[in-house]
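# Close look at the chain arrangement
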Amino acid sequence: MANDNKVINIKVKRQDKPDSAPYWEEFNIPYKPNMNVVSVLMEVRKNPVNVQGKAVNPVVWECNCLEEVCGACTMLINGVPRQACAALIDKIYEQTGFGKQIVLAPLTKFPIVRDLTINRDRMFENLKRVKAWVPVDGSWAIARGPRFADREQRWAYIISRCMTCGCCQEACPNVSGKSKFIGPSHIAQVRLFNTHPIGEMHKEDRLDALMLEGGIQECGNAQNCRKVCPKEIPLTNHIAFMNKETFKYAVRKWRTK
Amino acid sequence: MSKQKIIVVGGGLAGLMATMRIAEKGMPVDLLSLVPVKRSHSVCAQGGINAALDTKGETDSTWEHFDDTIYGGDFLANQPPVKRMCEAAPGIIYTMDRMGVMFTRTAEGLLDLRNFGGQKNKRTAFAGATTGAQLEYCCDEQVRKHEAAGLVTKYEGWEFLSAVVDDEGLCRGCIAQNLTTMEIRIFKGDAVILATGGGGMIYAKSTTSTICTATAAGSIFQQGAYLANMEFIQIHPTAMLGDDKTRLMSESARGEGGRVWTYKDGKPWYFLEEMYPAYGNLVPRDIASRAIHKVCVDMGLGIDGKNQVYLDLSHLPTDFLNRRLGGIMEIYEKFHGDDPRKVAMKIFPGIHYFMGGIHVDENHQTCIPGLFAAGECDYMYHGANRLGANSLLSALYSGTVCGPAALKYAKGLSKTAEDADEKAFTAELKKQEAFDEKIKKMNGTENPYVLHQELGETMRANVGIVRNNKDLTANDQAIREIKERWEKINMVDGHGFSNQTIFFARDLKNMIEVAHAITVGALRRDESRGSHYKPDFPDRNDEKFLKTSKSRWTPDGPEIEWEEVDISLIKPRKRVYNVAKEVSASGK
Amino acid sequence: MDKKSNFLIRRIHSLLAIIPIGIFLLFHLSLNSTVFFGGRPLYEAVINFMKNMPLVWVLELVIIFVPILVHAIYGLWIVYVAKNNAFNYKYGNNWAFYLQRITALITAVFLVFHVYLQRFSVHEAEGVIDGLTGLLQNPLFFILYAIGLLSAIFHFCNGFFTFLISWGITIGDHSQKICRYISMTLFVVIGVWGVSILTVIAGF
C-alpha cells in the first residue's frame, strides 16, 4: 500500500486545568509504518497545529519507558484503557480500518491534571493501606532469604509484575466516585505478600485492611479487570481466593475472640 | 541543633536504597522524583543482577566476579570500590530476596542463576526477564513502609533544578520545581543525594526512558561538579528499532542460549561464535556491538541490507522461553509483531548505558561537600565497559554506600541546613526563577523537540560505536551551534500550568552541556578502550590513558583533566575474548 | 475496630440471597407446580393450606419479608454505587453484572406488586387465583408479569454464580466457567418452569 499523503487522524479529549471544561481537538499526523500512539503524540508536539490549521498548545500526556513496563502512559484509546506506547497504529487500523479516527481520552476514574495526564496518587495511597510490603527487620544482609517453591513463584511472579497503571480500576464498574473500592490490583497484591514466607507472618494485618470499607467485599464480579490487565494478571482468580481467605479469617477471628 | 533531614533526588534503585538506609537509622528523608517512584527507569532492566552466589558447582567467587568486572571494564575502574561491591553482592541479593523479590527459583527453592556476557560462571540472579522492575517494586514497597511510618516524605512530580551551595562551599539543599503547579521552591537538607540515572535521551533514540536526560548531572556540572569518563557510552548489541525509541532485548537472551547470526554466502553465519570461540555469543556488549557493526557496515551483511542481524531463540523450548524470558518475548511480539519463539528476532545495537557520570569519591561525595551521587549518574564501578547485570548491582550497592555516607556527613556538620544562612537559598531560588521566566518568554524560531532530535542525530552519527577525531571535531562544532540555537527556542506551550515544554527546554539545555562533555572526552582520549573505539588508535594506551577523564564545565566548553586510576589490586592485562581470560595474578 | 467496615453486611447480603431467599424461591415454584398435576382444585387447596398454617406470619416474616427487605435495601445501595459500563466493555460477565443490577430493580418492583396482589389484596385462595388469571389473560400484563418473574429468576441464577466466587468456592478459571454454564442453564430451566406455571394459571 502506498502511504504517501496518508494521515493519522486523532481526536484528543483535552482539558486545560483540573477544574476547567473539557473540549475535543483533532490533529492530523503524516502516516509512517510502525508508529504507536506515543510517537503520534510526539509528532504533535513537534508541530502543534490542529486540523483547523491553528497553532495550539501541544497535547500534555505522561510517558516514560515506552516499553509497557512503567505504566505511565495509560489512557483511553478508542475507549479502552491501555498503555499508549504499546498501542501500535497499524494494529489499531487492522481492527478499525486504515485511516479511521483514533480517539484519545484520559482515564475517567482519576482526577484530571491536564489533557491526558491524570493523578493516580490514590492507588499508591491504597498500597499503603493494605500494607503491600514484606516487613523485614532491615535492609542489611542478615541471612539467606527463605526457600520458596518454584510452583508458587510461577504464579506469584505474575502478580508481582503489576505496574499500578490503573487499567483494572478504570474498567471496574464498582470503582466509582460513589464507592471507596480499592480496586482489583490491590487485592492481588495482598495475596502476593501473604504468600511470601516472611510476608505471610503478617498476613492478618493485610486481611484486616482488605475487609475495611472499600475492601474486597466491594467486588461485584464484573470481571473486566482481568480482560484489560496489560500484564495478564488473572485478577479474578486472586480476588476469589482472597474472598475465601478473608472469610476464613473473619470466622477464625470471631471464634477466638 | 535543629532537626536534620537528607534529600534524595531520584526514585530508582540507587535512590530508594539510599533512602531506606537513611530512614532505617531514623533520619528523615525528602525523596524527590520526576515520576511516581514506581515508574522510574530501573523498571526497564530485564536480564538480572550479578552476585557470586556459587550455587551451581562452578566454584565461583567474589574475587572472580571482581576480576571479570575489572577486566570487562578494560581496567579503567578504580579497583577497591569494585571489589567491595562484588563482595557485598551476595548479601544484597539475599536481602532483596527476604524483601520479597520474586526471583526465579530452582527445583529446591533456591535462587536460580544464569549466564551473562563477559563472565564464564553462572552468576546472574533473575526474576523472569523483568528483574529491574521486580527489584524496583520491592524497594518502592520498603520505602512506602517508611513513608507510612512518617520517616520519608515523597515529592513525586518534582524536578531537581540546582543544588544550593553556601558561602562555605557546602551543599545545603536544592531548588526544585513542581511539574504540575510549576511552583519553584527551596528544599533544605543537610546532604543531597543525586540518584538521577543516565542520559540516554541525549542520543534521542536509546533504550532508556524519556526521563533519562541527565539534566541533574548537567545542572551540577555547570555548578562546578566534575563529570568523569563521559566518553564511555554503552551501546547494547541487541535492541529493536522503533519509531519512538530503541527497545532493549535483554542480554539474558544470549545468556540462555540465544545465537546471533546473519547470512553469508547464503548460509547462516554465527559470527560471534566464529570470531570469539572462547565466549561465543556471550562476549561483553562493546565487543558484540562492534562485531555487529563490522558485519553490517564494513562487510555489508546486515539482514535486508540494513544495519540489523538475527538474535535467534527459536531453537529453545517454548515453555523454557516463557518462563525465563517471558518479559522480552512479550515486548518483541507486541512491538514488532513476530513471535520470537518461532522466528529469529531482528536486532541492532542501541545506546544503552552511561558508564561515566558525576565524579565522586569512595563515599560517593562530589567535589561539593554535602552533594552526593549514586547509581547510573555516578561513574564508579564499570570502567570503560559495563558487564551485563552489573548495573542493578551497582545501583543498589551505591545506594548502600551513599546513604550511610551522607548520613555520617550530616551528623558531623557543625551547623544544619535549617540554621544555615538564608542568603544562599534565596539567591539560588531567584536565579532559578529568573531562568524559568526566561524560558517561558522564549519566542524564537526553534521547536525544542525538533532541536532535541537534531542533537540526538549528531550524537548518534559522531559519538557512537566507531569514533574518529574528524567526526568528533565536527560534533563539537555542531553542539556549539545547537547551544546557540537553543537561545532561539520558541515556547510552543503558552500555558502556565503543567507545562511540559518548559521542563523539556530546560532539560535540553543541560543535555547539550553533557553532550558536549561526552564529545570532548571522546575527542581527547586517543586510544581504544572498552566501549570507546577509535580505529585510528586501535590499541589501549595504558601509559597515556589509563586515567579517568574529568570534565570541568567552562562557558567555552568542557575542559578535561586526567586522574590516576587505582589499580592496586589487579595488574592490567590485555583484554581479549577469543581465548579464555588469564587468571589474574594478584589477590586471593 | 475504629474504621468502619461493610464486610459483614455485604456477606450477609450475599448469604441471604441463597439462604433463605433462593431456597424460598424454589420452594415457591415447587408449590405452584401443583397446577400441573391437580389443576385449579389442588392449587386452591395448597394455597389455603399454606395460608391457614398456624403462625404462618412468623414464618413469612423471618424467612421471607425480613431477608428480602434487608437484601433489597442494601442491594439498592449496591446498584447505586456502580458505574455500569457494559456498552464500553462488552464482555459476558460485565453484561451479567449490568443485568444483575437491572433485574434487581425490576424484581423489587415486581415483588411489591406480587406480594400486594397475591398476599394482601385478597384473602381467599379463590379470589387470589381469579384475580391473577383475569390479569394474565391480558397479553400485555402477561408479558410484564413474565418479565418480572424472569428477572427474579435471572437475579437468583446469576447471583448464584457470583455467590460462589464471593465466598471463595470457585477460584480458578475452570470452576468459574463451569459454574457460569450451570447458572445460565439453571436460568433457562427455571425460567421455562416459571413461565409454564403462569401459562397454566392464565388458562384457568
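Use the structure listed above.
Residues numbered from 1 in each chain as written. Chains lettered and ligands numbered in written order. Predicted model: local features only at pLDDT ≥ 70, side-chain atom pairs only at ≥ 80, totals over all residues. Heavy atoms only, no water.

## Some words on the overall build of chain A
Scanning chain A from N- to C-terminus turns up nine helices and seven strands. Principal-axis analysis of the C-alpha atoms gives chain A an extent of 70 × 40 × 35 Å. Counting only residues that meet the buried cut, chain A has 61% of its 257 residues in that class. In the form shown here, chain A has an accessible surface area of approximately 9,900 Å², with 51% of it arising from carbon and sulfur atoms. Distance from the positive charge centre (38 side chains) to the negative charge centre (26 side chains) of chain A: 4 Å. (Helix = DSSP H or I, 4+ residues; strand = E, 2+ residues; numbered from the N terminus. Buried < 20%, exposed > 50% of the residue type's maximum accessible area, 1.4 Å probe, protein only. Areas by Shrake-Rupley, 256 points an atom, 1.4 Å probe, with all protein chains shown as cover. Lys, Arg positive; Asp, Glu negative; His and termini not counted. Charge placed at Lys NZ, Arg CZ, Asp CG, Glu CD.)

## Overview of helix 6 (residues 184–195) of chain A
Since the α-helix packs 3.6 residues into each turn, any two residues three or four apart lie on the same face. All names here are of chain A. Between its first and last C-alpha, helix 6 extends 17 Å over 12 residues, near the 16 Å set by a 1.5 Å rise per residue. Of all 12 residues making up helix 6, 12 are buried, and the element is well covered by its neighbours. Of the positions making up helix 6, those classed as buried are Pro184, Ser185, His186, Ile187, Ala188, Gln189, Val190, Arg191, Leu192, Phe193, Asn194 and Thr195. (Expected span 1.5 Å × (residues − 1).)

## Concerning the interface of chain A and chain C
Chain A puts 38 residues into the contact, and the matching count from chain C is 32 residues. For the pairing of chain A and chain C, the buried interface totals around 3,100 Å² over both sides, and the portion due to carbon and sulfur atoms is 53%. Of all residues in chain A, A:Lys178, A:Gln217 and A:Asn221 give up the largest surface area on contact with chain C, accounting jointly for 19% of the area buried on that side. Along the contact surface separating chain A from chain C lie two salt bridges. The residue A:Arg226 makes a salt bridge to C:Asp173 at a minimum N-O spacing of 2.5 Å. Our count for the contact surface shared by chain A and chain C stands at 18 residue pairs in polar contact (both at pLDDT 80 or more). (Contact = heavy atoms within 4.5 Å. Buried area = accessible area lost by both parts, 1.4 Å probe. Salt bridge = Lys/Arg side-chain N within 4 Å of Asp/Glu carboxyl O. Polar contact = N/O pair within 3.5 Å; in protein donor to acceptor, adjacent residues only side chain to side chain.)

## Observations regarding the interface of chain A and chain B
It is common to report an interface's size as the accessible area lost on association of the parts. The interface of chain A with chain B comprises 74 residues on the first partner and 73 residues on the second. For the chain A face of the interface with chain B, the top three residues by lost area are A:Asn64, A:Glu67 and A:Ser139, together amounting to 12%. Seen at the junction of chain A and chain B, the total is seven salt bridges. The closest approach of N and O atoms between A:Glu68 and B:Lys334, which form a salt bridge, is 2.8 Å. At the surface where chain A touches chain B, the tally comes to 42 residue pairs in polar contact (both at pLDDT 80 or more). Those elements that provide at least two residues to the side of chain A that touches chain B are helix 1 (37–46), strand 6 (112–114), helix 3 (121–129), helix 4 (150–159) and helix 6 of chain A.

## Quick word on empty space enclosed by the protein
Residues and elements named next belong to chain B. As enumerated under the stated definition, the model contains 10 cavities of 30 Å³ or more in all. Surrounding the largest cavity, 50 residues form its lining, His41, Ser42, Gly197, Gly198 and Glu376 being those nearest its centre. Elements with a contribution of two residues or more to the lining of the largest cavity: helix 1 (13–24), strand 2 (29–33), strand 7 (158–165), helix 5 (215–222), strand 17 (345–354) and helix 10 (391–411). The greatest single-element share of the lining of the largest cavity, amounting to four residues, is contributed by helix 10. (1 Å grid on protein atoms, 1.4 Å probe; cavity = no way out; pocket = protein on both sides within 12 Å on 5 of 7 lines; lining within 4 Å. Points joined across faces, edges and corners; volume = space filled by probe spheres on them.)

## Quick look at a nonpolar patch on the surface
Residue and element names in this part refer to chain C. Together, Ile9, Leu55, Trp57, Val58, Leu59, Leu61, Val62, Ile63, Val66 and Val70 make up an exposed nonpolar region whose accessible area comes to about 830 Å². Take the nonpolar patch: its biggest share by element is eight residues, from helix 3 (residues 56–81). Summarising the element assignment, isoleucine 63 is placed in helix 3. Exposure remark for isoleucine 63: the relative accessible area of 34% places this residue in the partly exposed category. (Patch = residues over 30% accessible without salt bridge, like charges linked within 9 Å, V, L, I, M, F, W, Y side chains within 5 Å.)

## Quick notes on the side chain of B:Asp166
Position of B:Asp166 among the secondary structure elements: in the loop between strand 7 and strand 8 (171–178). Polar side-chain contacts of B:Asp166 include one of 3.0 Å to the backbone nitrogen of B:Glu168.

## Concerning the packing of helix 4 (residues 92–120) of chain C against helix 6 (residues 139–166) of chain C
Residue and element names in this part refer to chain C. In contact at an axis separation of 7 Å, helix 4 and helix 6 are set at 130 degrees when each is read in the N-to-C sense. Comparing the axis directions of helix 4 and helix 6 gives the class oblique. With respect to the hand of their crossing, helix 4 and helix 6 are arranged in left-handed fashion. Note on element contacts: helix 6 touches helix 4 through Phe141, Tyr145, Ile147, Gly148, Leu149, Ser151, Ala152, Phe154, His155, Asn158, Gly159 and Phe161, opposite Asn93, Ala96, Leu99, Gln100, Thr103, Ala104, Ile106, Thr107, Phe110, Phe113, His114 and Gln118. (Axes fitted to C-alpha atoms, helices over the stretch in contact; angles between N-to-C directions. Parallel < 35°, antiparallel > 145°, perpendicular 65-115°, else oblique. Left-handed = near helix turned anticlockwise from the far one by under 90°.)

## Overview of the pattern of salt bridges
Residues and elements named next belong to chain B. A complete count under the given rule lists 80 salt bridges over all chains for this structure. For glutamate 527, the salt bridge identified is with arginine 525, shortest N-O distance 2.8 Å. Pair check on accessibility: glutamate 527 and arginine 525 agree, each one buried. One network of salt bridges, with partners in common, ties together Asp74, Glu231, Asp286, Arg290, Arg525, Glu527, Arg529, Arg540, Asp542 and Arg575.

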